[in-house]
Amino acid sequence: MKIVARTIPPRSAWMLEQAGVHPLLARLYAARGVQTREELDDGLARLLAPDGLRGAREAALLLADAIRDDKRLCIVADYDCDGATACAVALRGLRLLGAKHVSYLVPDRVVDGYGLTPPIAERVAATGADVLITVDNGIASVDGVAAAKARGLAVLVTDHHLPGPALPAADVLVNPNQPDCGFDSKSIAGVGVMFYVLLALRSELRTRGVFDLATQPKLDVLLPLVALGTVADVVKLDANNRRLVAQGLRRIRAGVMPAGVAALFKAAGRNAAAATTFDFGFALGPRINAAGRLADMTLGIECLTTDDSARAEELARMLDGINRERRDIEGGMRDQALLLAESLFDEDGSETPPAAISVFDADFHEGVVGIVASRIKDRYHRPTFVFAASGAPGKEHELKGSGRSIPGFHLRDALDLVAKRHPGVLLRFGGHAMAAGCTVAEEHFETFERALAQVAAEWLDAASLTRRLDTDGPLAPEYLRVDLVDTLHREVWGQGFAPPTFSEEVEVISQRLVGEKHLALKLRHKGQPVDGIWFSHTEPLPPRVVIAFRLDADEWQGVRRVRFLVEGAEL
């Protein structure tokens, strides 16, 4: 591991500080590209206008006509947290705006697979729907859209994934990543795209005189769901996404949120009044995702759409139980996957380790392959795919894989190149730069493994394959304060706008294992004693060591103290 301090533009930091930003925050923001205080304005008025999102205007016309004509709308959702929150936003928002007949359908991960397929289109048509709306999927569903159109359905695709070589022949496509779309936030999540469609629809309904500015429905009640889905999907938190997340957090902290969101905070043992992006990414998001991984995502969607607090708490407890089961399955799979990955790395160094890792085991559960791929990627700093046998009837010889990548290796583009070099090996694939999925026949697994490793070897050099931990450099001792920790936690951090991580040499006073897998530390930082913990690390540290750490507040016997959460060390 290489620990590297970010460059802090001194003029930007000085200008932010002169504008009244706390000196530490000014330094952190400047290192992340912020130059003026105006960029930190997270007011609703600073959100990008819906007019810039290609297709939003046409989607508004289609939906406004459908509401006027009392058409039946059916939403086809994805089975992850982004898809569930996007579905909940669509259901709640369309009903707020006057739609009387809105239903939804979410594919089963195992039986149906991802996205709008022809069988899903047939099921939607069988419900008597007139309009099919995809959320967080659809941009690659050429056949599914064609099947829906053949059954006489109007089709609105809302998605944020990268398009393939051919676009589906939907009535309207709304996707910031489609050709000729000039929307500045290319990283908006699926839930954000649907929220923007609703903003455009409300504007169209105002134009038609359905309501005016004073009487129009308040769509800001949907922002807690938008914030949750945005963070949970690990999209880049550009300026617009940060504003969406900040607005959602503000409402949650004030107690204004759907009953299901409040219930999920309670089930996770988190305090909604002090909600953070960490809660979205590591507490609420995994509980919703667990339903799509191991059970039925309708549980997650119902939790987010019910207004019955008792029912919401019941569903949140169910989701919490499913998530515990997911953790148990993941633990066993992770251990086995790590053993398989370790076998690829020759201990004596006589063989060059692969530049990408692909592992498969017949006992793996396809619902958690993505999580396990992320764990292996973090351990070895290699693009990683983990495969499981498909549980779909008639597809037992297909392997479903989920991949996670490292900076500098665009995973979807790599799959595209594998498909071109080895026609027929990839049955299906799609995704983003940092996360993707694919399906291969079991007999072609080794071909895929070699092909992906070959692409990685061509695209990645030694520096790229060395884990690099970017930090914010040393931390002044006067900032070791609990109130400052709370200030940092209230800010919006996440993918592309990394949470503050500091680095410097410390003295290790004592260390011991806790729970057999975590290293508890007593440290001395610039003369001051401070506790530390390195989760999922068991190797002892030398007496003096350069560590990378985040700030946390630990409470013991009613007293809160600063604690270091160690992220890495130069050993």
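Residues numbered from 1 in each chain as written. Predicted model: local features only at pLDDT ≥ 70, side-chain atom pairs only at ≥ 80, totals over all residues. Heavy atoms only, no water.

**Considerations on the pairing of strand 7 (residues 357-360)**
Here is step 1: Because side chains alternate across strand 7, one face comprises the buried residues Ile357 and Val359, and the other comprises Ser358 and Phe360, equally buried.
Here is step 2: The β-α-β motif built from strand 7, the intervening helix 14 (residues 369-380) and the parallel element strand 8 (residues 384-389) has right-handed crossover chirality. (Buried < 20%, exposed > 50% of the residue type's maximum accessible area, 1.4 Å probe, protein only. Helix = DSSP H or I, 4+ residues; strand = E, 2+ residues; numbered from the N terminus. Right-handed = clockwise from strand over helix to strand, strands pointing away.)

**A word on the side chain of arginine 563**
Here is step 1: Mapped onto the fold, arginine 563 is located in strand 17 (residues 559-570).
Here is step 2: Among residues more than four places away in sequence, those in contact with arginine 563 are Val530, Asp531, Gly532, Ile533, Arg550, Leu551, Asp552 and Asp554. (Contact = heavy atoms within 4.5 Å.)

**Comments concerning the sheet that holds strand 10 (residues 426-431)**
Here is step 1: Pairing is mixed in the open sheet, where five strands are placed in the order 7-8-9-11-10. Each edge of the sheet is formed by a strand with only one pairing partner; in this case those strands are strand 7 and strand 10. Within the sheet, the average angular offset between the axes of one strand and its neighbour, ignoring direction, is 15 degrees.
Here is step 2: Across four bridges, strand 7 lies against strand 8 in parallel orientation. (Pairing = 2+ DSSP bridges. Axes fitted to C-alpha atoms, helices over the stretch in contact; angles between N-to-C directions.)

**Regarding the packing of aromatic side chains**
Here is step 1: All chains considered together, the criterion is met by 15 aromatic pairs.
Here is step 2: Between phenylalanine 183 and tyrosine 196, the aromatic rings sit 5.3 Å apart at their centres with planes inclined by 75 degrees, giving edge-to-face as the arrangement. Of the two residues, phenylalanine 183 is situated in the loop between strand 6 (172-174) and helix 7 (190-207) and tyrosine 196 in helix 7; the sequence distance between them amounts to 13 residues. Note on accessibility: phenylalanine 183 and tyrosine 196 belong to one class, buried.
Here is step 3: Where phenylalanine 385 meets phenylalanine 448, the ring centres are 5.5 Å apart and the plane angle is 85 degrees; that geometry is what we call edge-to-face. Of this pair, phenylalanine 385 sits in strand 8 while phenylalanine 448 is found in helix 16 (residues 445-459), placing the two residues 63 residues apart along the sequence.
Here is step 4: Since its relative accessible area comes to 0%, phenylalanine 385 is described here as buried. (Phe/Tyr/Trp six-rings, centres within 6.5 Å; stacked < 30°, edge-to-face > 60°.)

**A word on the layout of surface pockets**
Here is step 1: Roughly 420 Å³ of volume is contained in the second largest pocket.
Here is step 2: Around the second largest pocket, the lining comprises 21 residues; the ones closest to its centre are Tyr29, Leu40, Asp42, Glu491 and Val492.
Here is step 3: Looking at the lining of the second largest pocket, the elements that each hand over two or more residues are helix 2 (23-31) and helix 9 (239-253).
Here is step 4: When residues of the lining of the second largest pocket are assigned to their parent elements, the largest contribution, seven residues, is made by helix 9.
Here is step 5: A class-by-class count of the residues in the lining of the second largest pocket yields nine nonpolar, two polar and ten charged. (1 Å grid on protein atoms, 1.4 Å probe; cavity = no way out; pocket = protein on both sides within 12 Å on 5 of 7 lines; lining within 4 Å. Points joined across faces, edges and corners; volume = space filled by probe spheres on them. Nonpolar A, V, L, I, M, F, W, Y, C, P; charged D, E, K, R; others polar.)

**Description of the environment of valine 559**
Here is step 1: Tracing the backbone shows valine 559 in strand 17.
Here is step 2: What makes valine 559 partly exposed here is its relative accessible area of 47%.

**Quick notes on empty space enclosed by the protein**
Here is step 1: On inspection of all chains with the given rule, the structure shows one cavity of 30 Å³ or more.
Here is step 2: Taken as a whole, the largest cavity encloses approximately 30 Å³ of empty space.
Here is step 3: Lining the largest cavity we find Ala66, Ile67, Asp70, Lys71, Leu73, Ala99, Lys100 and His101.
Here is step 4: By residue class, the composition of the lining of the largest cavity is four nonpolar, one polar and three charged.

**Details of the pattern of salt bridges**
Pairing between side chains becomes possible if they bear opposite charge and their charged atoms approach one another.
Here is step 1: Counted by the stated rule, this structure contains 40 salt bridges.
Here is step 2: Close ionic contact of arginine 123 with aspartate 112 constitutes a salt bridge, the shortest N to O distance being 3.2 Å. Of this pair, arginine 123 sits in helix 5 (residues 118-126) while aspartate 112 is found in the loop between strand 3 (102-105) and helix 5, placing the two residues eleven residues apart along the sequence.
Here is step 3: The exposure class assigned to aspartate 112 is partly exposed, which follows from its relative accessible area of 21%.
Here is step 4: Two residues, lysine 420 and aspartate 416, come together in a salt bridge whose shortest N-O distance is 2.5 Å. (Salt bridge = Lys/Arg side-chain N within 4 Å of Asp/Glu carboxyl O.)

**Some words on the environment of asparagine 241**
Here is step 1: Note that asparagine 241 resides in helix 9.
Here is step 2: Its relative accessible area of 0% is what places asparagine 241 among the buried residues.
Here is step 3: Sequence separation between asparagine 241 and histidine 410 is 169 residues; the distance between their C-alpha atoms is 22 Å.
Here is step 4: Those residues in contact with asparagine 241 that sit more than four places away from it in its chain are Ser185, Ser187, Ile188, Ala189, Thr230, Val235 and Lys236.
Here is step 5: A distance of 2.9 Å separates a polar atom in the side chain of asparagine 241 from the backbone oxygen of lysine 236. (Polar contact = N/O pair within 3.5 Å; in protein donor to acceptor, adjacent residues only side chain to side chain.)

**Structural notes on the side chain of threonine 306**
Here is step 1: By the secondary structure assignment, threonine 306 is in the loop between helix 12 (298-305) and helix 13 (309-342).
Here is step 2: A polar contact is formed between the side chain of threonine 306 and the backbone nitrogen of aspartate 308, at a distance of 3.1 Å.

**A short note on helix 8 (residues 223-232)**
Here is step 1: Most of helix 8 sits out of view: ten of its ten residues are buried.
Here is step 2: Those residues of helix 8 lying buried are Leu223, Pro224, Leu225, Val226, Ala227, Leu228, Gly229, Thr230, Val231 and Ala232.

**A word on the sheet that holds strand 16 (residues 544-556)**
Here is step 1: Read once around its circumference, the closed barrel built from five strands follows the order 13-14-15-17-16, with strand pairing classed as mixed. Strand-to-strand twist in this sheet, taken as the mean axis angle between neighbours without regard to direction, amounts to 45 degrees.
Here is step 2: As defined by bridge partners, strand 13 (residues 502-514) adjoins strand 16 across six bridges and the pair is classed as antiparallel. Counterpart to phenylalanine 502 in the pairing with strand 16 is phenylalanine 549.
Here is step 3: Its contacts with the sheet place helix 17 (residues 482-490) against strand 16 and strand 17, and it is angled at close to 95 degrees to strand 16.

**Some points on the packing of helix 7 against helix 8**
How two helices pack is summed up by the angle between their axes together with the distance between the axes.
Here is step 1: Viewed as axis vectors pointing N to C, helix 7 and helix 8 meet at an angle of 150 degrees, and their least axial separation amounts to 8 Å. In terms of their interaxial angle, helix 7 and helix 8 are classed as roughly antiparallel. Judged by residue contacts, Val191, Gly192 and Phe195 of helix 7 engage Leu223, Leu225, Val226, Gly229 and Thr230 from helix 8.
Here is step 2: A breakdown of the residues in the contact of helix 7 with helix 8 according to their chemical character gives five nonpolar, three polar and no charged. (Parallel < 35°, antiparallel > 145°, perpendicular 65-115°, else oblique.)

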